[in-house]
Each structure stands twice: as C-alpha cells, then as structure tokens.
Amino acid sequence: MGYKVVVAGATGNVGREMLNILAEREFPVDEIAVLASRRSLGTEVSFGDKTLKTQDLDTFDFTGWDIALFAVGSGPTKEYAPKAAKAGCVVIDNSSLYRYDPDVPLVVPEVNPEAVEGYAKKNIIANPNCSTAQMVVALKPLHDRAKIKRVVVSTYQSVSGGGKDAMDELWNQTKAVYNPTEEVEPKKFTKQIAFNVIPHIDVFMEDGSTKEEWKMVAETKKIVDTKIKVTATCVRVPVFVGHAEAINLEFEEFLDEDEARDILREAPGIMVVDKREDGGYITPVECVGDFATFISRIRQDSTIENGLNLWCVSDNLRKGAALNAVQIAETLGKRCLKKG
Ligand SMILES: NC(=O)c1ccc[n+]([C@@H]2O[C@H](COP(=O)([O-])OP(=O)(O)OC[C@H]3O[C@@H](n4cnc5c(N)ncnc54)[C@H](OP(=O)(O)O)[C@@H]3O)[C@@H](O)[C@H]2O)c1
C-alpha cells in the first residue's frame, strides 16, 4: 500500500519538478491529485508517462489524502495549508510561511532527518529556502568534524528561484537587448536582469540586509546549530536554473583541505568535483536536472586561523525545493507514516 499524494502548485516551476522527482524516485504513490489556481483548471501536467489535469486548490477536499506537497507561495499557503492539515493530510510546504514556527520542523534530510518526527504538532513540515538547503548539506559533515564558528557566504542565484514569470522576464529582456524597439521593463526584478546582476532578493530588513539573507542566517541556525554565525550577501544573476555560492568557513578546530575534501566525498547528497585545472569545477549549467549538491574549489583560507573556502552549486528547483520536499516525504514515510 502506498500514499495518496497531492501536489499543490503543479503548474509552477517547483510543482512540475516535484512531479518529475516523485516519478523518478518511484515514490510509492497510490493516487495523485494535481492542484493549481482556478486560472489553470484542466491544464495538463506530466507525471511519469501519465498526463494529469489540474484541479482547483480552492475547492479541493483533502480528507483521506496522506501527504500534500505545497508550492504555491506564502499567500495561498496561509489559506489552504491549515485546511489540508486539519483534514489529516501532512503538508510539506515550500514557502517561507512556517519555516520559523517552533512547532513546525524545518528539514533537510541529509542534515536533520529526525526533526520530521515533530510533524504532528501542526501536521506541517517546512522546506528551507533554496540557498540554505544546498549550503547546509555542505556545512553539516564539516561542522560534525571541526565545529563551524562563522560562515560568510555570497550567492549567485538563478532567476528560476523567482518562479516562472521571473524566467520569462530574463528570456524576454535578453531578446529585447538585441531589439531595442521591444524594451522589457523590470517587473519581477527591481532592475534589468539580462546581462546584469542584482544584489537584492526579497524585501529589505531594518538592518540593511535583505529577507533572503536573513533567511539563510535563521534557517542555518534552525537546521544545523543555533551557535553558528552566518553573514550572507544574496545576488540574482542572469542564469535560468542552478544556484552557486562562494562559502568561507571559520572552524573551532583546524581542518585540512584534503581532509575536508575526503569528508565531503563521503557525505550524503554531495558530489565533489575539485580538480585544480581548467574546468575542474562545476557551474550552474552543469548541475541542472541532477540530485547532487556539487562542491568544488575547496581550499584553505590562510587569512584566518582555521579557515576554508569552497564553491557550492546545486539545481535550486531540485535540492533547493522539489527534491528536498520529496526526500522529506520519503523520510516521513519511513520514520512515521510507514506505508509503501
Ligand atoms: N523556485 C525555487 O527555487 C524555490 C525554492 C524554494 C522554495 N520555493 C517556493 O516554492 C513556491 C512556488 O515557487 P515556484 O517557483 O514554483 O513559483 P511559480 O513557478 O510562480 O508557480 C506558482 C504555482 O502556485 C500556483 N498558485 C499561485 N497562486 C495560487 C492560488 N491563489 N491558488 C492556487 N494555486 C496558486 C500557481 O498556479 P497557476 O499556474 O494556476 O497560477 C503555480 O502552480 C514559492 O513559495 C517559492 O517561494 C521556490
């Protein structure tokens, strides 16, 4: 016996990828329902070799369904996730709405799988922000060995992190650069994204950081260790899919770069590609469609006592969202629901 699974936001970037990943990983699905807004009623989406028609989230009855993977944004999540949870369906949510709620586990299965066991307080589990998810997969095995004191991270985040309309904006603006009569004004972004980079993701906070940067700090603490200090600069770049991060780590104990490379090679969810030669590292274009978080450019930082630098790349629609959500469903199934 398998699970009755709902995918809410099935017409979006993350929802479509969730359907791909449920099929690719052969998640034990007995029945599946795909939901979106009323605008998309009847829109066809693929699930393995099947084509499914989307239903309206607003009128869907969650009674009798086991797991709902939500990727609809915070507004609709606020309205519909409690309804699903109250009907007995466990919600795994991709929005930021519940991530900081002490009664909702925030889970990256390679890092804190045991946290899923706290799902029953609200019947909701939160999925972290895309830039946090890939980073903590890399931090955890190094933290276990040498205790991370401080993280300085700069991100290079693709436009798909902003949803399907953001991808269209990059595409249309790029074409328009060559055809000035068709100027495309920024809508999803605050400035031109084509042939540009923008150091501004989500809203500004009082201290001058952005909400995206704050999320990396708060979520790393909740998932890995409250004592780790994190400072982040999050930047949107004109790449369609795949987030990259330059990460500087300061440890309590000395960690040699060769040992760090070995630890990361053995760690779950990580692929080390680190040759000190032309092309001996991974870039966003090469990570698309992959499950792994790729680590390259591992090297000592000799400007501090126990320092290390690395380059971390992953498919933000996969590890940063859909894959992590499906892994949470797998973990929940194995540890708690025990069907399939
Ligand atoms: N993209 C990433 O890398 C990433 C990573 C981590 C988390 N997330 C989060 O995942 C969520 C989805 O992101 P996305 O990139 O997939 O966005 P997207 O491509 O814009 O898709 C949004 C989805 O939500 C549906 N939706 C929007 N408003 C709705 C409503 N009122 N009722 C029902 N359905 C509604 C849309 O349906 P229609 O097609 O009918 O409008 C669509 O299926 C967001 O919370 C985002 O922050 C995204």
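Throughout what follows, the structure given in this document is the object of discussion. Bear in mind that the values here come from a model prediction, so they are computed numbers and not experimental data. (Residues numbered from 1 in each chain as written. Predicted model: local features only at pLDDT ≥ 70, side-chain atom pairs only at ≥ 80, totals over all residues. Heavy atoms only, no water.)

### Considering the pattern of salt bridges
When charged atoms on two side chains of opposite charge get close, those side chains can pair.
Part 1: Taken as a whole and assessed by the stated rule, the structure comprises 23 salt bridges.
Part 2: Between E212 and K215 there is a salt bridge, with its nearest N and O atoms 3.3 Å apart. Here K215 and E212 lie together in helix α5 (residues 211-223), a separation of three residues that amounts to about one turn.
Part 3: Look at E212 and you get buried, because its relative accessible area is 5%.
Part 4: By relative accessible area, K215 is classed as buried at 7%.
Part 5: Between R265 and D262 there is a salt bridge, and its shortest N-O distance comes to 3.7 Å. In this pair, R265 and D262 are both assigned in helix α6 (residues 257-266), three residues apart and thus about one turn of the helix distant. (Salt bridge = Lys/Arg side-chain N within 4 Å of Asp/Glu carboxyl O. Helix = DSSP H or I, 4+ residues; strand = E, 2+ residues; numbered from the N terminus. Buried < 20%, exposed > 50% of the residue type's maximum accessible area, 1.4 Å probe, protein only.)

### Things to note about the sheet that holds strand β1 (residues 3-8)
Part 1: Strand order across the open sheet formed by six strands is β5-β2-β1-β6-β7-β8, with parallel pairing between neighbours. Since the sheet does not close on itself, it has two edges, and those belong to β5 (55-56) and β8 (124-126), each with one partner.
Part 2: Alignment of β1 against strand β6 (residues 67-70), held across four bridges, turns out to be parallel. When the sheet's bridge partners are listed, V5 is paired in β6 with I67.
Part 3: Contacting β1, β6, β7 (90-93) and β8, helix α8 (residues 318-337) crosses the sheet at an angle of about 160 degrees to β6. (Pairing = 2+ DSSP bridges. Contact = heavy atoms within 4.5 Å. Axes fitted to C-alpha atoms, helices over the stretch in contact; angles between N-to-C directions.)

### A few points about the nonpolar core
Part 1: In terms of nonpolar packing, the biggest core is built from 56 residues, with F62, F70, L142, V151, I247, L249 and L310 touching the most fellow members.
Part 2: Element by element, the count of residues in this core is highest for helix α3 (residues 130-146), at seven residues.
Part 3: Beyond its immediate stretch of four places on either side in the chain, V151 contacts M135, L139, I228, K229, V230, T231, I247, N248 and L249. (Core = buried A, V, L, I, M, F, W, Y, C linked by side-chain atoms within 4.5 Å.)

### A closer look at the side chain of T331
Part 1: Locating T331 in the fold gives a position in helix α8.
Part 2: On the accessibility criterion, T331 (11% relative accessible area) is buried.
Part 3: In this structure T331 touches P109, P113, V116 and C336, once residues within four positions along its chain are discounted.

### Looking at the pairing of β6
Part 1: Residue alternation in β6 divides its side chains into two sets, I67 and L69 and A68 and F70, and both sets are buried.
Part 2: Two elements, β6 and β7, share four bridges in a ladder whose sense is parallel. The residue of β7 that forms the bridge with F70 is D93.
Part 3: Note on the crossover from β6 through helix α2 (residues 74-86) to β7: the handedness is right-handed. (Right-handed = clockwise from strand over helix to strand, strands pointing away.)

### Focus on α8
Part 1: Spanning 20 residues, α8 covers only 24 Å between terminal C-alpha atoms, well under the ideal 28 Å at 1.5 Å per step.
Part 2: N324 marks the point of greatest bend in α8, at about 40 degrees.
Part 3: The first or second residue beyond α8 is K338, which carries a positive phi of 55 degrees. (Expected span 1.5 Å × (residues − 1). Bend = angle between axes of the 7 residues up to and from the residue.)

### Examining the packing of α3 against α6
Part 1: Close contact between α3 and α6 brings their axes to 9 Å; oriented N to C, the two are set at 125 degrees. If you check the angle between α3 and α6, you find them oblique. Our pair here, α3 against α6, has a crossing hand that is right-handed. Together, A138, P141, L142 and R145 of α3 and E259, A260, I263 and L264 of α6 make up the contact between the two elements.
Part 2: Split into classes, the residues belonging to the contact of α3 with α6 amount to six nonpolar, no polar and two charged. (Parallel < 35°, antiparallel > 145°, perpendicular 65-115°, else oblique. Left-handed = near helix turned anticlockwise from the far one by under 90°. Nonpolar A, V, L, I, M, F, W, Y, C, P; charged D, E, K, R; others polar.)

In short, shape yes, function no, at least from these values alone.
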